[in-house]
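Notes for the structure review
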Amino acid sequence: MEIRQVECFLAVSESLSFRVAAETLGIGQPAVSGQVARLERELGQRLFERTSRVVKLTAAGQRFLPEARSILAAVERARTVVTQQGEAQVPLRLGSSTGLGQRLDLLLETLKRTDPDIAVELGTYATATRFDRVRTGQLNAAFVRGVGTAADLDVVPVWDDPLVIAVPSTHPTAGQDAIDLADLASLPLWLVPRKANAPLVDLVMSACAAAGFEPTLGPHTSKLPETLASIGNGDGWTILYEPHAQQLRHTRVVFRPALPELSMTTSVAVPAGSRSPLLTRLLAACAEVRTHGSNHRA
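To keep things clear, this report deals only with the structure shown in the data block. Per-chain numbering applies: the sequence of each chain, read as written, is numbered from 1 onward. Local features in a predicted model are, by the rule used here, given only for residues with pLDDT of at least 70; side-chain atom pairs are given and counted only at 80 or more, and totals for whole chains, interfaces and linings are based on all residues. Just so you know, side-chain values use all the structure's heavy atoms and leave hydrogens and water out.

Some remarks on the packing of aromatic side chains
Rules: When two rings of Phe, Tyr or Trp (its six-membered ring) have centres within 6.5 Å they constitute a pair, described as stacked for plane angles under 30 degrees, edge-to-face for angles over 60, and tilted for the intermediate range. In our convention, an over-ring charge means Lys NZ or Arg CZ found within 6 Å of a ring centre and within 35 degrees of that ring's normal.
Within the structure shown, the criterion is met by four aromatic pairs. Pairwise contacts between aromatic rings join Phe9, Phe18, Phe48 and Phe64 into one cluster. Above the ring of Tyr125, the side-chain terminus of Arg133 is found at 4.4 Å from the ring centroid. One residue, Arg145, lies across the ring of Tyr241, its end atom 3.6 Å from the ring centre.

Right, dumping it as C-alpha coordinates:
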(Lines give C-alpha, C1' and ligand atoms only; values in the text may rest on other atoms or scores of the structure.)
Protein backbone atom coordinates (compact mmCIF):
# COMPACT_ATOMS: atom_id res chain seq x y z
CA MET A 1 0.00 0.00 0.00
CA GLU A 2 1.43 3.37 -1.04
CA ILE A 3 0.72 6.79 0.43
CA ARG A 4 -0.35 8.11 -2.98
CA GLN A 5 -2.98 5.38 -3.20
CA VAL A 6 -4.41 6.43 0.16
CA GLU A 7 -4.37 10.12 -0.85
CA CYS A 8 -6.28 9.31 -4.04
CA PHE A 9 -8.81 7.19 -2.15
CA LEU A 10 -9.45 10.02 0.33
CA ALA A 11 -9.75 12.63 -2.40
CA VAL A 12 -12.38 10.54 -4.21
CA SER A 13 -14.23 9.75 -0.97
CA GLU A 14 -14.42 13.47 -0.12
CA SER A 15 -15.88 14.56 -3.46
CA LEU A 16 -17.39 11.27 -4.74
CA SER A 17 -15.99 12.28 -8.10
CA PHE A 18 -12.82 11.03 -9.79
CA ARG A 19 -12.70 14.22 -11.88
CA VAL A 20 -12.91 16.54 -8.86
CA ALA A 21 -10.37 14.40 -6.98
CA ALA A 22 -7.94 14.71 -9.88
CA GLU A 23 -8.37 18.51 -9.92
CA THR A 24 -7.83 18.67 -6.15
CA LEU A 25 -4.65 16.59 -6.32
CA GLY A 26 -3.39 18.30 -9.46
CA ILE A 27 -2.97 15.08 -11.44
CA GLY A 28 -4.81 13.42 -14.32
CA GLN A 29 -8.05 11.54 -13.79
CA PRO A 30 -6.59 8.27 -15.22
CA ALA A 31 -3.83 8.44 -12.61
CA VAL A 32 -6.40 8.74 -9.80
CA SER A 33 -8.42 5.83 -11.19
CA GLY A 34 -5.27 3.73 -11.52
CA GLN A 35 -4.12 4.41 -7.94
CA VAL A 36 -7.54 3.52 -6.53
CA ALA A 37 -7.74 0.38 -8.66
CA ARG A 38 -4.30 -0.77 -7.42
CA LEU A 39 -5.35 -0.12 -3.83
CA GLU A 40 -8.51 -2.17 -4.34
CA ARG A 41 -6.47 -5.04 -5.78
CA GLU A 42 -4.07 -4.96 -2.84
CA LEU A 43 -6.93 -4.95 -0.31
CA GLY A 44 -8.97 -7.48 -2.25
CA GLN A 45 -12.06 -5.30 -1.86
CA ARG A 46 -13.97 -2.84 -4.02
CA LEU A 47 -13.90 0.51 -2.26
CA PHE A 48 -16.24 2.39 -4.59
CA GLU A 49 -19.35 1.57 -6.54
CA ARG A 50 -19.08 3.27 -9.92
CA THR A 51 -21.79 3.94 -12.49
CA SER A 52 -21.94 6.45 -15.32
CA ARG A 53 -23.66 8.90 -12.96
CA VAL A 54 -22.77 7.96 -9.38
CA VAL A 55 -19.68 7.20 -7.34
CA LYS A 56 -20.24 6.03 -3.76
CA LEU A 57 -18.35 4.18 -1.07
CA THR A 58 -18.97 0.48 -0.64
CA ALA A 59 -19.27 -1.01 2.84
CA ALA A 60 -15.57 -1.90 2.65
CA GLY A 61 -14.78 1.67 1.59
CA GLN A 62 -16.70 3.08 4.54
CA ARG A 63 -14.74 0.81 6.90
CA PHE A 64 -11.45 1.83 5.31
CA LEU A 65 -12.17 5.59 5.38
CA PRO A 66 -11.27 6.30 9.05
CA GLU A 67 -8.19 4.08 8.74
CA ALA A 68 -7.07 5.98 5.65
CA ARG A 69 -7.41 9.25 7.53
CA SER A 70 -5.34 7.80 10.38
CA ILE A 71 -2.64 6.67 7.94
CA LEU A 72 -2.22 10.15 6.49
CA ALA A 73 -2.34 11.75 9.93
CA ALA A 74 0.48 9.43 11.06
CA VAL A 75 2.51 10.29 7.97
CA GLU A 76 2.12 14.02 8.65
CA ARG A 77 3.13 13.57 12.29
CA ALA A 78 6.21 11.62 11.23
CA ARG A 79 7.15 14.23 8.65
CA THR A 80 6.84 17.00 11.23
CA VAL A 81 8.97 15.15 13.78
CA VAL A 82 11.72 14.44 11.25
CA THR A 83 11.84 17.92 9.67
CA GLN A 84 11.19 20.04 12.76
CA GLN A 85 14.25 22.05 13.82
CA GLY A 86 12.41 24.27 16.25
CA GLU A 87 8.85 25.49 16.17
CA ALA A 88 9.69 28.68 14.29
CA GLN A 89 10.56 26.61 11.19
CA VAL A 90 7.33 24.58 11.19
CA PRO A 91 5.08 25.83 8.38
CA LEU A 92 1.51 26.84 9.08
CA ARG A 93 -0.48 24.79 6.58
CA LEU A 94 -3.69 26.75 6.15
CA GLY A 95 -6.77 25.89 4.12
CA SER A 96 -8.07 28.99 2.40
CA SER A 97 -11.48 29.92 1.02
CA THR A 98 -12.44 31.87 -2.06
CA GLY A 99 -13.60 35.39 -1.33
CA LEU A 100 -11.41 36.11 1.71
CA GLY A 101 -9.97 39.02 -0.25
CA GLN A 102 -8.36 41.72 1.88
CA ARG A 103 -8.91 39.68 5.02
CA LEU A 104 -6.35 37.12 3.81
CA ASP A 105 -3.87 39.82 2.82
CA LEU A 106 -4.19 41.43 6.27
CA LEU A 107 -3.81 38.07 8.00
CA LEU A 108 -0.60 37.24 6.15
CA GLU A 109 0.77 40.74 6.83
CA THR A 110 -0.08 40.42 10.53
CA LEU A 111 1.56 37.00 10.85
CA LYS A 112 4.67 38.26 9.04
CA ARG A 113 4.90 41.27 11.35
CA THR A 114 4.28 39.42 14.62
CA ASP A 115 6.04 36.14 13.74
CA PRO A 116 8.57 36.75 10.94
CA ASP A 117 9.79 33.13 11.03
CA ILE A 118 6.41 31.53 10.36
CA ALA A 119 6.12 30.18 6.83
CA VAL A 120 2.49 29.97 5.69
CA GLU A 121 1.49 27.37 3.11
CA LEU A 122 -1.93 28.10 1.59
CA GLY A 123 -4.23 25.69 -0.19
CA THR A 124 -7.73 26.31 -1.56
CA TYR A 125 -10.09 23.31 -1.49
CA ALA A 126 -13.78 22.53 -1.22
CA THR A 127 -15.15 22.84 2.33
CA ALA A 128 -15.42 19.07 2.90
CA THR A 129 -11.85 18.62 1.68
CA ARG A 130 -10.61 21.33 4.04
CA PHE A 131 -12.29 19.59 6.98
CA ASP A 132 -10.82 16.21 6.08
CA ARG A 133 -7.33 17.64 5.62
CA VAL A 134 -7.45 19.24 9.07
CA ARG A 135 -8.59 15.91 10.53
CA THR A 136 -5.73 14.02 8.88
CA GLY A 137 -3.10 16.61 9.76
CA GLN A 138 -2.45 17.68 6.19
CA LEU A 139 -3.63 21.14 7.24
CA ASN A 140 -3.10 22.78 10.63
CA ALA A 141 -6.26 24.84 10.25
CA ALA A 142 -8.77 25.95 7.63
CA PHE A 143 -11.06 28.89 7.06
CA VAL A 144 -14.74 28.02 6.59
CA ARG A 145 -17.86 30.15 6.24
CA GLY A 146 -21.36 29.67 7.62
CA VAL A 147 -20.47 26.38 9.36
CA GLY A 148 -20.78 26.13 13.13
CA THR A 149 -19.75 22.54 13.88
CA ALA A 150 -17.82 19.66 12.33
CA ALA A 151 -17.04 16.18 13.64
CA ASP A 152 -13.69 15.87 15.45
CA LEU A 153 -12.93 19.56 14.94
CA ASP A 154 -13.31 22.82 16.83
CA VAL A 155 -14.86 25.54 14.67
CA VAL A 156 -13.84 28.92 16.11
CA PRO A 157 -15.63 32.08 14.82
CA VAL A 158 -13.10 34.79 13.97
CA TRP A 159 -15.03 37.56 12.16
CA ASP A 160 -18.22 38.47 10.28
CA ASP A 161 -18.05 39.58 6.67
CA PRO A 162 -20.80 41.81 5.25
CA LEU A 163 -22.21 40.77 1.89
CA VAL A 164 -22.60 43.24 -0.96
CA ILE A 165 -24.81 43.17 -4.04
CA ALA A 166 -23.37 43.41 -7.54
CA VAL A 167 -25.75 45.03 -10.06
CA PRO A 168 -25.32 46.50 -13.55
CA SER A 169 -24.09 50.09 -13.43
CA THR A 170 -27.13 50.97 -15.56
CA HIS A 171 -29.68 49.57 -13.10
CA PRO A 172 -31.86 52.14 -11.28
CA THR A 173 -30.50 51.00 -7.89
CA ALA A 174 -26.85 51.52 -8.91
CA GLY A 175 -26.86 55.13 -7.72
CA GLN A 176 -28.15 54.28 -4.23
CA ASP A 177 -25.99 53.95 -1.13
CA ALA A 178 -27.59 50.55 -0.40
CA ILE A 179 -29.95 48.28 -2.32
CA ASP A 180 -33.25 46.89 -1.08
CA LEU A 181 -33.46 43.25 -2.14
CA ALA A 182 -37.09 43.73 -3.15
CA ASP A 183 -35.95 46.12 -5.90
CA LEU A 184 -34.13 43.23 -7.59
CA ALA A 185 -37.11 40.88 -7.91
CA SER A 186 -37.31 41.33 -11.68
CA LEU A 187 -33.63 40.47 -12.29
CA PRO A 188 -32.25 36.91 -12.39
CA LEU A 189 -29.96 35.99 -9.52
CA TRP A 190 -26.60 34.44 -10.37
CA LEU A 191 -25.34 32.10 -7.65
CA VAL A 192 -22.98 29.15 -7.37
CA PRO A 193 -24.69 25.74 -7.13
CA ARG A 194 -25.91 25.00 -3.62
CA LYS A 195 -23.56 22.02 -3.27
CA ALA A 196 -20.64 24.41 -3.78
CA ASN A 197 -21.65 26.85 -1.01
CA ALA A 198 -24.83 25.82 0.79
CA PRO A 199 -24.59 28.39 3.64
CA LEU A 200 -24.35 31.32 1.22
CA VAL A 201 -27.09 30.08 -1.10
CA ASP A 202 -29.44 29.36 1.82
CA LEU A 203 -28.79 32.80 3.34
CA VAL A 204 -29.49 34.65 0.10
CA MET A 205 -32.60 32.65 -0.78
CA SER A 206 -33.99 33.15 2.73
CA ALA A 207 -33.32 36.89 2.54
CA CYS A 208 -35.15 37.10 -0.80
CA ALA A 209 -38.10 35.19 0.66
CA ALA A 210 -38.20 37.63 3.59
CA ALA A 211 -38.22 40.48 1.06
CA GLY A 212 -41.33 38.98 -0.53
CA PHE A 213 -40.09 37.25 -3.68
CA GLU A 214 -38.49 34.10 -5.00
CA PRO A 215 -35.69 35.03 -7.40
CA THR A 216 -35.37 33.63 -10.88
CA LEU A 217 -31.98 31.90 -10.95
CA GLY A 218 -29.54 32.58 -13.74
CA PRO A 219 -27.07 29.96 -15.01
CA HIS A 220 -24.85 28.40 -12.38
CA THR A 221 -21.20 29.40 -12.64
CA SER A 222 -18.20 29.15 -10.36
CA LYS A 223 -16.21 31.68 -12.42
CA LEU A 224 -16.76 35.17 -11.05
CA PRO A 225 -15.31 37.11 -14.03
CA GLU A 226 -17.86 35.46 -16.33
CA THR A 227 -20.68 36.19 -13.87
CA LEU A 228 -19.71 39.87 -13.57
CA ALA A 229 -19.40 40.19 -17.34
CA SER A 230 -22.95 38.90 -17.76
CA ILE A 231 -24.24 41.15 -14.99
CA GLY A 232 -22.53 44.09 -16.68
CA ASN A 233 -24.69 43.36 -19.72
CA GLY A 234 -27.75 43.92 -17.54
CA ASP A 235 -28.44 40.21 -17.17
CA GLY A 236 -28.85 39.91 -13.41
CA TRP A 237 -27.32 40.42 -9.99
CA THR A 238 -25.26 38.47 -7.48
CA ILE A 239 -23.90 38.57 -3.93
CA LEU A 240 -20.23 38.80 -2.93
CA TYR A 241 -18.27 38.98 0.30
CA GLU A 242 -17.28 42.59 0.93
CA PRO A 243 -13.52 41.89 1.40
CA HIS A 244 -13.51 40.24 -2.03
CA ALA A 245 -15.50 43.00 -3.70
CA GLN A 246 -13.07 45.60 -2.35
CA GLN A 247 -10.37 44.08 -4.52
CA LEU A 248 -12.44 44.10 -7.73
CA ARG A 249 -12.68 46.81 -10.34
CA HIS A 250 -15.41 46.57 -12.96
CA THR A 251 -16.58 49.48 -15.09
CA ARG A 252 -20.04 48.03 -15.82
CA VAL A 253 -20.86 46.65 -12.35
CA VAL A 254 -21.28 48.42 -9.01
CA PHE A 255 -21.19 46.92 -5.52
CA ARG A 256 -23.58 48.14 -2.84
CA PRO A 257 -24.56 46.98 0.67
CA ALA A 258 -27.80 45.02 0.94
CA LEU A 259 -30.94 46.13 2.75
CA PRO A 260 -31.50 44.50 5.14
CA GLU A 261 -27.81 44.01 5.90
CA LEU A 262 -26.50 40.51 5.22
CA SER A 263 -23.34 38.97 6.65
CA MET A 264 -21.62 35.61 6.93
CA THR A 265 -19.49 34.35 9.83
CA THR A 266 -15.98 33.18 8.97
CA SER A 267 -14.47 30.58 11.31
CA VAL A 268 -11.23 28.67 11.66
CA ALA A 269 -11.50 24.88 11.89
CA VAL A 270 -8.76 23.27 14.01
CA PRO A 271 -8.27 19.77 15.46
CA ALA A 272 -10.57 19.23 18.45
CA GLY A 273 -8.91 20.29 21.69
CA SER A 274 -5.77 21.54 19.95
CA ARG A 275 -4.36 24.88 21.08
CA SER A 276 -0.71 24.65 20.04
CA PRO A 277 1.37 27.86 20.16
CA LEU A 278 1.16 27.98 16.36
CA LEU A 279 -2.64 27.89 16.36
CA THR A 280 -2.80 30.32 19.26
CA ARG A 281 -0.80 32.83 17.21
CA LEU A 282 -3.05 32.24 14.20
CA LEU A 283 -6.18 32.98 16.23
CA ALA A 284 -4.53 36.08 17.73
CA ALA A 285 -3.73 37.32 14.21
CA CYS A 286 -7.36 36.69 13.18
CA ALA A 287 -8.53 38.79 16.14
CA GLU A 288 -6.29 41.63 14.99
CA VAL A 289 -7.63 41.35 11.45
CA ARG A 290 -11.20 41.47 12.81
CA THR A 291 -10.43 44.66 14.73
CA HIS A 292 -8.77 46.22 11.71
CA GLY A 293 -11.77 45.38 9.54
CA SER A 294 -14.20 46.90 12.06
CA ASN A 295 -12.15 50.10 12.27
CA HIS A 296 -11.87 50.27 8.49
CA ARG A 297 -15.66 50.11 8.00
CA ALA A 298 -16.22 52.64 10.78
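Re empty space enclosed by the protein
Summary: where empty space remains is shown by rolling a probe the size of a single water molecule over the atoms. Let me state the cut-off plainly: Any residue with an atom within 4 Å of a point lines the site, the site being either a cavity, points on a 1 Å grid over the protein atoms alone where a 1.4 Å probe fits but cannot get out, or a pocket, an open set with protein on both sides within 12 Å along at least 5 of 7 lines. Grid points are joined across faces, edges and corners, and a volume is the space filled by probe spheres set on the points. The helix count covers DSSP runs of H or I at least four residues long, the strand count covers runs of E at least two residues long, and both are numbered beginning at the N terminus. Any residue outside Ala, Val, Leu, Ile, Met, Phe, Trp, Tyr, Cys, Pro, Asp, Glu, Lys and Arg is labelled polar, Gly included; the first ten of those are nonpolar and the last four are charged.
The full count for this structure, using the stated rule, is one cavity of 30 Å³ or more. One number sums up the size of the largest cavity: a volume of about 50 Å³. Considering the residues around the largest cavity, the lining is formed by Glu7, Leu10, Ala11, Glu14, Leu25, Leu72, Arg133 and Gln138. Broken down by element, the residue count for the lining of the largest cavity peaks at four residues, all from helix H1 (residues 3–15). The class makeup of the residues in the lining of the largest cavity is four nonpolar, one polar and three charged.

Notes on unusual backbone geometry
To be explicit about the condition: The rule is simple: take the accessible area with a 1.4 Å probe, protein chains only, and divide by the maximum for that residue type; under 20% is buried, over 50% is exposed, in between is partly exposed.
That bond from Leu259 to Pro260 is cis: its omega, 0 degrees, falls within 30 degrees of zero. Tracing the sequence through the fold places Pro260 in the loop between strand E9 (253–259) and strand E10 (263–271). One non-glycine residue with positive phi stands out, namely Leu16, at about 50 degrees. The residue Leu16 is located in the loop between H1 and helix H2 (18–25) in this model. What makes Leu16 partly exposed here is its relative accessible area of 40%. Its identity as a non-glycine residue notwithstanding, Asp152 has a phi of 65 degrees, on the positive side. A relative accessible area of 61% means that Asp152 is categorised as exposed.

Brief notes about helix H5 (residues 102–114)
The following threshold applies: Here the expected span of a helix is defined as 1.5 Å times the quantity of residues minus one. In this description, one arc is meant: the one made by directions from the helix axis to the C-beta atoms.
Its 13 residues place the ends of H5 18 Å apart at the C-alpha level, agreeing with the 18 Å of an ideal helix rising 1.5 Å per residue. Looking only at H5, the buried set comprises Arg103, Leu104, Leu107, Thr110 and Leu111. The arc enclosing the buried residues of H5, seen along the axis, measures out at 125 degrees, which places them on a common side. More than 90 degrees from the buried face of H5, the exposed residues found are Glu109, Lys112 and Arg113.

Looking at the environment of Phe255
Note the following rule: When checking whether two residues touch, look at their non-hydrogen atoms; a contact exists if any pair is within 4.5 Å.
When you line up the elements, Phe255 lands in strand E9. For the pair Phe255 and His220, spaced 35 residues apart in sequence, the C-alpha separation works out to 20 Å. Discounting residues that sit within four places of it in the chain, Phe255 has contacts with Val164, Ile165, Ala166, Leu228, Leu240, Ala245 and Leu248.

Focus on the side chain of Ser267
Position of Ser267 among the secondary structure elements: in strand E10. Those residues in contact with Ser267 that sit more than four places away from it in its chain are Ala142, Phe143, Val144, Val147, Val155, Val156, Pro157 and Val158.

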